[in-house]
Amino acid sequence: MSNQQNINSLPLIIIAGTPGAGKTSILVHTIRILKSANRRPALVKIDCLATDDDIRFAKLGLPVLVGLSRDMCPDHYSIYNLDEMKEFAQKNHADSLIMETAGLCHRCAPYTENCLGVCVIDSTSGPNNPGKAGPFLSCADIVVVTKGDMISQAEREIFRERILEANPRCYIVDVNGLNGQGAAELAQKFQSFKAGSSGEDKLRHNAPFAVCTLCIGEQRVDKKFHRGLLRNMNGCEQYVGE
Amino acid sequence: MVKIECISLIGGIDKSGNPENITSLDIRKGEIIGIVGPTGSGKSQLIADIEQLSQKDSSTRRQILVNGKVPSPALRNDPRQKMVAQLSQNMNFLADMEVRDFLRLHARCRGKDQISTDEIIQKANQLTGEPIKPNDNLTILSGGQTRALMVADVAVISESPIVLIDEIENAGIKKHEALELLSGHNKLIMIVTHDPVMALSAKKRIIMKNGGMSTLLEATPEENIVSEQLTGIDATILQLRELLRNGKHIRETDLHNLPQSLLCKEENASLTL
Ligand SMILES: Nc1nc2c(ncn2[C@@H]2O[C@H](COP(=O)(O)OP(=O)(O)OP(=O)(O)O)[C@@H](O)[C@H]2O)c(=O)[nH]1
Ligand SMILES: Nc1ncnc2c1ncn2[C@@H]1O[C@H](COP(=O)(O)OP(=O)(O)OP(=O)(O)O)[C@@H](O)[C@H]1O
Ligand SMILES: [Mg+2]
Ligand SMILES: [Mg+2]
Ligand SMILES: [Zn+2]
Ligand SMILES: [Zn+2]
């Protein structure tokens, strides 16, 4: 069996969500449950500039790896580094790979077709937020709603409805990141997940165009300095250049 | 829709990790149960466990059964199937939208589109002082207005066979009217309270301690008598509250509703509760 095949059969779980949504909090509770069921996932945190999450993950006694994307989109960075992360997991005899990404860019979604895509969303962000969240919510398999303890039952129910409007086929789990309530249901979903079968894994959502002069480092603001595919305020696109 | 006959609370652990004193407790429809205990003793957590129909997956490791059985995930999560209405301890709304839109959205979530939002606002306004207007933004409502709207919303839109109420006496709304609005016929009601009038109005009460259900007390015949007298005292206090709110001076005769036994016989009668 080739190494590549081996790597693709490793279940990959990708957790995305805005900063502070509660990704690490719910993961710590969920992974504790997985551990007590004798599972051994490897954990990877992808962030932009800095993170303390590795310290929180390390307390779980599992292999932990951190990647910092710096000035690049953390979602892009996590995608082309997937194989390296999987190799890390295998080297450490892990039975699955759980990756938390910072998900700062609302236009990208880090999920691949073969992975279990989990979006974590903070219910105190208001009922209009799910509609604005973008592909990391709309292409997720599971949506985890956190901080329900801070809002009324009515607001929780409205929030849930708004998530279903943005992603009608997702499975919603309420998890309290402070006390872990609901984490057992999420752990159940993680445990029953099997890696997809397609030999070559693909992104679920195409990355946005990155084709203007800003993308390659131009810092001046005036429009005359910019070439490439530009979109005007009225929504029309134009190509400027040769 | 599942018909509720009874829910069972299967005890878990307290904050120190020891098994709860009460290992199992059945509550039937039509019962009103009080939940009392010091601040931080786990009262709100207990009703959160019931609202979520916890399956040993919260910090308390409690399990909640419905009609003796483990409830389905849909019963736990789907607002259209939910059997629990909860007035939580939260004192403000975070949603940035108008009262009318909020109520309409919530009604749709519960599959009750035909409900009139004006009727709910009118019910809320009977519990509070200055009226809430349909086009007010939720976030500008005062604490009492918010609380009143939460009560009316829970009573009408979330109308369910199980009603969980956390500290209805908060925020200075009319608590008796609010309780009446929330507690329909033959419901299973649980009331978290620090208010003796509320606590004694329940036939049974759970005493919370260190995060665990410690004892179940039944109201004694003597407590029933005290409860009646207390209701009189409470009515007087509420009357005084209204007088003060409306800028009136209080006169000694305003205390006439108080039973004599509770007034000090000393020269200057003062209220000792
Ligand atoms: N009240 C409440 N607070 C929560 C809940 N979940 C998480 N928090 C708090 O939210 C804050 C952020 O949680 P994290 O788990 O660090 O969030 P994150 O998504 O991992 O954040 P980054 O890794 O920085 O992107 C922490 O202070 C948590 O204690 C919850 O369910 N309820
Ligand atoms: N059995 C338990 N094990 C662990 N933590 C618990 C337990 N019961 C309650 N807690 C936690 O203790 C804290 C205080 O509990 P809670 O908010 O329910 O108190 P309360 O009785 O409602 O207090 P108050 O009267 O101030 O509202 C909460 O963070 C809650 O999650
Ligand atoms: Mg984190
Ligand atoms: Mg409380
Ligand atoms: Zn991006
Ligand atoms: Zn660009």
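Residues numbered from 1 in each chain as written. Chains lettered and ligands numbered in written order. Predicted model: local features only at pLDDT ≥ 70, side-chain atom pairs only at ≥ 80, totals over all residues. Heavy atoms only, no water.

A.B. asks: I keep staring at the coordination of the magnesium ion (ligand 3) and nothing clicks. Help me out?
C.D. replies: Reference values for coordination geometry: four tetrahedral donors around a metal ideally subtend 109.5 degrees, six octahedral donors ideally subtend 90 or 180 degrees. All names here are of chain A. For the magnesium ion (ligand 3), the full set of protein donor atoms is Thr-24 (OG1), Asp-53 (OD) and Glu-100 (OE), at a range of 2.0 to 2.2 Å. Counting gaps between the donor residues of the magnesium ion (ligand 3) yields the pattern T-x28-D-x46-E. Taken together, the residues span a long stretch of sequence, with Asp-53 in helix α3 (residues 53-58) and Glu-100 in strand β4 (residues 96-101) at a distance of 47 residues. Across the pair, exposure class does not vary: Asp-53 and Glu-100 are buried alike. (Donors = N, O, S within 2.8 Å, 3.2 Å for Na, K, Ca; no water. Helix = DSSP H or I, 4+ residues; strand = E, 2+ residues; numbered from the N terminus. Buried < 20%, exposed > 50% of the residue type's maximum accessible area, 1.4 Å probe, protein only.)

A.B. asks: What am I meant to see in the nonpolar core here?
C.D. replies: Grouped burial of nonpolar side chains is what soluble globular proteins tend to show. Counting 39 residues, the largest nonpolar core has Leu138(B), Leu149(B), Ile165(B) and Leu182(B) as its most contacted members. Put simply, the parts of the chain that give this core at least two residues each are α8 (153-166) of chain A together with β5 (84-87), α3 (99-109), α4 (117-125), α5 (143-156), β6 (162-166), α6 (175-182) and β7 (188-192) of chain B. Residue contributions to this core peak at eight residues, all from α5(B). Ignoring anything within four residues of it in the chain, the contact list for Leu149(B) reads Phe93(B), Val99(B), Leu103(B), Ala124(B), Ile132(B), Leu138(B) and Leu141(B). Ranked by size, the runner-up nonpolar core spans 31 residues in total, among them Ala89(A), Cys115(A), Phe136(A) and Phe159(A). (Core = buried A, V, L, I, M, F, W, Y, C linked by side-chain atoms within 4.5 Å. Contact = heavy atoms within 4.5 Å.)

A.B. asks: For this particular structure, what's the right way to read the packing of aromatic side chains?
C.D. replies: Each aromatic ring pair is described using two quantities: the centre-to-centre distance and the angle formed by the ring planes. Residues and elements named next belong to chain A. Here the structure, examined in full by the defined rule, presents two aromatic pairs over all chains. Aromatic pair Tyr-77 and Tyr-80: ring centres 6.3 Å apart, planes at 70°, arrangement edge-to-face. Taken together, the residues Tyr-77 and Tyr-80, both in helix α4 (residues 74-80) and three residues apart, mark about one turn of the helix. Taking the relative accessible area as the measure of exposure, Tyr-77 reaches 19% and is therefore buried. Stacked on the ring of Tyr-171, the Lys or Arg Lys-189 has its end atom at 4.0 Å from the ring centre. (Phe/Tyr/Trp six-rings, centres within 6.5 Å; stacked < 30°, edge-to-face > 60°. Lys NZ or Arg CZ within 6 Å of the ring centre and 35° of its normal.)

A.B. asks: Got a minute to help me understand the sheet that holds strand β9 (residues 212-218) of chain B in this structure?
C.D. replies: In any sheet, the strands associate via hydrogen bonds between backbone groups, in a parallel or an antiparallel arrangement. All names here are of chain B. One open sheet accounts for six strands, arranged β5-β6-β7-β3-β8-β9; its pairing is mixed. In this open sheet, the two edge strands, each paired with only one partner strand, are β5 and β9. Each strand axis lies, on average, 20° off the axis of its neighbour in the sheet, ignoring direction. Sheet topology places strand β8 (residues 204-209) next to β9; six bridges connect them, and they run antiparallel. Within β9, the position partnered with Lys-209 by the bridge is Gly-212. (Pairing = 2+ DSSP bridges. Axes fitted to C-alpha atoms, helices over the stretch in contact; angles between N-to-C directions.)

A.B. asks: It is not clear to me how the site of ligand 1 should be interpreted in this structure. Could you clarify?
C.D. replies: Residue and element names in this part refer to chain A. Taken together, the neighbourhood of ligand 1 is formed by 19 residues, with Thr-24, Ser-25, Arg-56, Asp-149 and Gly-177 sitting nearest. In this structure, Lys-23 approaches ligand 1 through a side-chain N or O atom, which is 2.8 Å from an oxygen atom. Within the side chain of Asp-149, one N or O atom sits 2.8 Å away from a nitrogen atom of ligand 1. When ligand 1 is considered free in solution it has 660 Å² of accessible area, and contact with the protein chains removes 75% of it. (Near = heavy atom within 4 Å. Polar contact = N/O pair within 3.5 Å; in protein donor to acceptor, adjacent residues only side chain to side chain. Areas by Shrake-Rupley, 256 points an atom, 1.4 Å probe, with all protein chains shown as cover.)

A.B. asks: Any chance you could explain helix α8 (residues 221-245) of chain B here in plain terms?
C.D. replies: Residues lying three or four places apart along an α-helix face the same way, a consequence of the helix completing one turn every 3.6 residues. Residue and element names in this part refer to chain B. Helix length check: α8, at 25 residues, gives a terminal C-alpha distance of 36 Å against a target of 36 Å (1.5 Å per residue), a fit within 8%. Of all the positions in α8, only Glu-223, Ser-227, Leu-230, Ile-233, Asp-234, Thr-236 and Leu-240 are classed as buried. Residues of α8 that are buried sit in contact with α6, α7 (196-201), β8 and β9. The positive-phi residue at the C-terminal boundary of α8 is Gly-247, with phi of around 75°. (Expected span 1.5 Å × (residues − 1).)

A.B. asks: Explain the sheet that holds strand β3 (residues 64-68) of chain A to me, please; I cannot follow it from the model alone.
C.D. replies: All names here are of chain A. Taken in spatial order, the seven strands of this open sheet run β3-β2-β4-β1-β5-β6-β7, and their pairing is parallel. Edge strands, defined here as strands with exactly one partner in the open sheet, are β3 and β7 (171-174). Strand-to-strand twist across the sheet, computed as the mean angle between neighbouring axes with direction ignored, equals 20°. Relative to strand β6 (residues 142-146), strand β5 (residues 116-122) is paired through five bridges, and the arrangement is parallel.

Taken by themselves, the reported measurements are silent on function.
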